[in-house]
Amino acid sequence: MFVGIVAAWAIFLRPAFLGGPVTYVIVAGHSMEPTLHTGDLVVARRQRTYRRGDVIAYRITKNQPGAGTLVVHRIVGGSSRVGYMTRGDNRRYRDPWRPKPDDIAGKMSLHARRLGMIPVFSHTTLGMTLIAALAGFLVLLGGASTRTRKR
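Overview of the structure. These numbers were taken from a predicted model, which means no experiment stands behind them.

**Regarding the environment of Ile-60**
Tracing the backbone shows Ile-60 in the loop between β3 (55-59) and β4 (70-79). Considering only alpha carbons, one finds Ile-60 and Val-71, eleven residues apart in sequence, at a separation of 7.4 Å. In contact with Ile-60, other than residues within four places in its own chain, are Pro-65, Gly-66, Ala-67, Gly-68, Thr-69, Val-71 and Trp-97.

Take a look at the structure:
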């Protein structure tokens, strides 16, 4: 069972930085409300084609303000040849960038509300303290159960 789960992850959910087909994005900002909110986790999967209405994650290209930043917005026009026009659902104006297929990390295949807050919280002082306390507790608990079994 464990091997099957790992194999499924490697095929379907392995992140792009490990050569996989998906990019994980934590939403920051209000531009995609009410569809997406700050702290939501988006799983974007590469596609062969994209079309109007798709929510995509794309990187702002070099030599542009914000270069390298991942943006999650909806395609509202354009094409793969000239670049897609995108806009946040909570915006009245289109983005100044025109991502082409090479700039697109993927189309949103699923999202989980607030799940992205876990890694964000883990980088706060309180989050690190709670993680250290939990780790210490588990170490002590493991030592206690080992002593109990030896008797």
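**Re the pattern of salt bridges**
As enumerated under the stated definition, the model contains three salt bridges in all. Note that Asp-54 is salt-bridged to Lys-107, the shortest N-O span being 3.5 Å. One end of the pair, Asp-54, is in the loop between β2 (41-45) and β3; the other, Lys-107, is in strand β6 (residues 104-112), with 53 residues separating them in the sequence. You can call Lys-107 partly exposed: its relative accessible area is 27%. Put simply, Arg-74 and Asp-89 hold a salt bridge, and the shortest N to O gap is 2.8 Å. Linking Arg-74 in strand β4 with Asp-89 in the loop between β5 (83-87) and β6, this pair joins segments that are 15 residues apart in sequence.

**Notes on the packing of aromatic side chains**
All told, the structure shown has one aromatic pair when counted by the stated rule. Seen from their ring centres, Tyr-50 and Tyr-84 are 6.4 Å apart, and the 80 degrees between their planes marks the pair as edge-to-face. Here Tyr-50 is found in the loop between β2 and β3, whereas its partner Tyr-84 is found in strand β5, with 34 residues between them in sequence. Here Tyr-50 matches Tyr-84 in class, with each residue buried.

**Brief notes about a nonpolar patch on the surface**
The grouping of Trp-9, Ile-11, Phe-12, Leu-13, Phe-17, Leu-18 and Tyr-24 at the surface amounts to a nonpolar patch, some 750 Å² of accessible area in total. Looking at where Trp-9 falls in the secondary structure, it is placed in helix α1 (residues 2-13). Judged by its relative accessible area of 38%, Trp-9 is partly exposed.

**Some words on the pairing of β2**
Burial runs high along β2: four of the five residues are buried. In this structure, strand β1 (residues 22-26) lies alongside β2, joined through five bridges in antiparallel fashion. Residue pairing for β2: Val-22 is matched across the bridge by Arg-45. Bridge analysis of β2 against β6 gives five bridges, and the strand direction is antiparallel. Each residue of the ladder has a partner; that of Val-42, found in β6, is His-111.

The rules behind the values
- Residues numbered from 1 in each chain as written.
- Predicted model: local features only at pLDDT ≥ 70, side-chain atom pairs only at ≥ 80, totals over all residues.
- Heavy atoms only, no water.
- Helix = DSSP H or I, 4+ residues; strand = E, 2+ residues; numbered from the N terminus.
- Contact = heavy atoms within 4.5 Å.
- Salt bridge = Lys/Arg side-chain N within 4 Å of Asp/Glu carboxyl O.
- Buried < 20%, exposed > 50% of the residue type's maximum accessible area, 1.4 Å probe, protein only.
- Phe/Tyr/Trp six-rings, centres within 6.5 Å; stacked < 30°, edge-to-face > 60°.
- Patch = residues over 30% accessible without salt bridge, like charges linked within 9 Å, V, L, I, M, F, W, Y side chains within 5 Å.
- Areas by Shrake-Rupley, 256 points an atom, 1.4 Å probe, with all protein chains shown as cover.
- Pairing = 2+ DSSP bridges.

Keep in mind these numbers describe shape, not what the thing actually does.
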